[in-house]
Amino acid sequence: MYAVTVSEFGGPEVLKYVEVSMPLVKTDHLLIKVEATSVNFADVKARYGNKDRQPPFIPGLDVAGTIVEVGEGVEDFQVGQRVIAFPQGGSYAEYVVAHTNLTFEIPANVDFTTAAACPIVSFTSYKLLADVGRMTRGDAVLVHAAAGGIGTTAIQLAKLLGASTVIGTVSKEEKVATTLEAGADFVINTSKENFVAKVLEITQEKGVDLILDSIAGRVTEQSLLCLAKYGRLVNFGNASGETATIQTADLTASCRSILGFSFGTTRKHRPETVRDTANKVFEFLENGSLKIVIGEKFPLEEAGKAHKLMEDRGSKGKILLIPPTSTIV
């Protein structure tokens with residue numbers, strides 16, 4: 001089969017489209033023919049060596065596809081089923097292997113394109129809001145990097161879960177429309193406005209109840225200035241490459257919380273919690289209330305171009321890679 005590998009740590013040019021061996025199917029695992037895989041910022045970090053993998057390796061976290069072989073001990077899945085999965089050994093490939101506990105049947109009325117775009121962004125967003133952030137009906141929510149895959153999905157889910165106000169921040173003017181289309185009530189272009197002052201203006205100086213922060217560094221520090229009493233800030237990424245300094249005095253008297261979350265850690269150490277998340281997300285996808293924003297599609301062999309687009313902050317919504325054997329047009 002063909003796959004994209006990281007030949008060495010570096011820029012998008014280190015992504016090579018090469019022929020590799022088919023993965024072997026073990027007990028409780030499934031072989032899946034890939035229809036599409038998504039590009040995530042974690043893939044970019046892995047390419048630079050910021051993850052625990054050494055070249056050469058196949059990057060990628062999730063796929064949508066069809067089961068073509070089942071391993072011993074598999075009872076709940078069969079050949080021919082359409083599934084999404086978080087595979088072992090990377091997803092930028094024509095075929096992948098995944099454990100059954102991280103494989104989920106795609107609802108009948110959800111197409112492969114939507115299914116491929118949804119896993120990381122929708123599962124992560126739901127966990128950030130409902131489980132880690134403990135969002136309740138009526139909360140005001142601030143979503144940083146709001147025009148990206150997780151940002152546009154988190155905005156929609158926050159609304160579906162009953163948020164009173166959803167505010168998004170973006171770094172470029174051309175991303176404002178995408179964020180508004182996702183359902184944000186207000187969008188702040190941080191290249192033009194101070195987001196702290198604007199959030200306080202919007203919330204009449206109260207601040208927001210929940211902040212989703214994938215940027216870290218100075219953004220985290222500033223975010224505390226517009227976090228309401230009893231508010232929760234959930235950090236789930238470090239796109240800025242910076243670290244933040246937090247004063248405990250900023251937390252105790254105000255009863256505010258700073259929480260951390262990694263969906264990768266959750267998949268590795270508590271995969272059993274993902275199935276309930278999948279069921280909740282699939283309900284929203286099935287009834288059409290959740291729309292996954294898809295920005296660009298690239299042939300699998302052009303993974304380097306997809307990575308460059310993401311690194312240049314040019315993406316709006318999810319970026320998909322399509323193998324040559326896919327039925328997706």
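A few points on the structure. Computed from a predicted model, the values in this text were never measured in an experiment.

### Points about the overall build of the protein chain
- A tally of helices and strands in the protein chain yields 10 helices and 15 strands.
- Taken over the C-alpha trace, the protein chain has a radius of gyration of 20 Å; the compact-globule value for 329 residues is 20 Å, and the two agree within 12%.
- Projected onto its principal axes, the C-alpha positions of the protein chain cover 55 × 40 × 35 Å.
- Taken over 329 residues, the protein chain has a buried fraction of 54%.
- Restricting to contacts in the protein chain with at least 6 residues of sequence separation, those with at least 24 account for 69%.

### Some thoughts on the pairing of strand E4 (residues 63-70)
- By the bridge criterion, seven bridges tie strand E3 (residues 29-39) to E4 in an arrangement that is antiparallel. Its bridge partner lying in E4, Leu31 is registered against Glu69.
- Relative to strand E5 (residues 82-85), E4 is paired through four bridges, and the arrangement is antiparallel. Opposite Thr66, over in E5, you have Arg82 as the bridge partner.

### Description of the packing of helix H3 (residues 119-132) against helix H9 (residues 274-286)
- In contact at an axis separation of 10 Å, H3 and H9 are set at 105° when each is read in the N-to-C sense. Between H3 and H9, the interaxial angle falls into the category roughly perpendicular. For the pair H3 and H9, contact is made by Ser122, Phe123, Tyr126, Lys127 and Asp131 and by Val274, Thr277, Ala278, Lys280, Val281 and Phe284, respectively.
- When the residues that make up the contact of H3 with H9 are grouped by side-chain class, the tally is six nonpolar, two polar and three charged.

Each value, and the rule that gives it
- Residues numbered from 1 in each chain as written.
- Predicted model: local features only at pLDDT ≥ 70, side-chain atom pairs only at ≥ 80, totals over all residues.
- Heavy atoms only, no water.
- Helix = DSSP H or I, 4+ residues; strand = E, 2+ residues; numbered from the N terminus.
- Rg over C-alpha atoms; globule rule 2.2 N^0.38 Å.
- Buried < 20%, exposed > 50% of the residue type's maximum accessible area, 1.4 Å probe, protein only.
- Contact = heavy atoms within 4.5 Å.
- Pairing = 2+ DSSP bridges.
- Axes fitted to C-alpha atoms, helices over the stretch in contact; angles between N-to-C directions.
- Parallel < 35°, antiparallel > 145°, perpendicular 65-115°, else oblique.
- Nonpolar A, V, L, I, M, F, W, Y, C, P; charged D, E, K, R; others polar.

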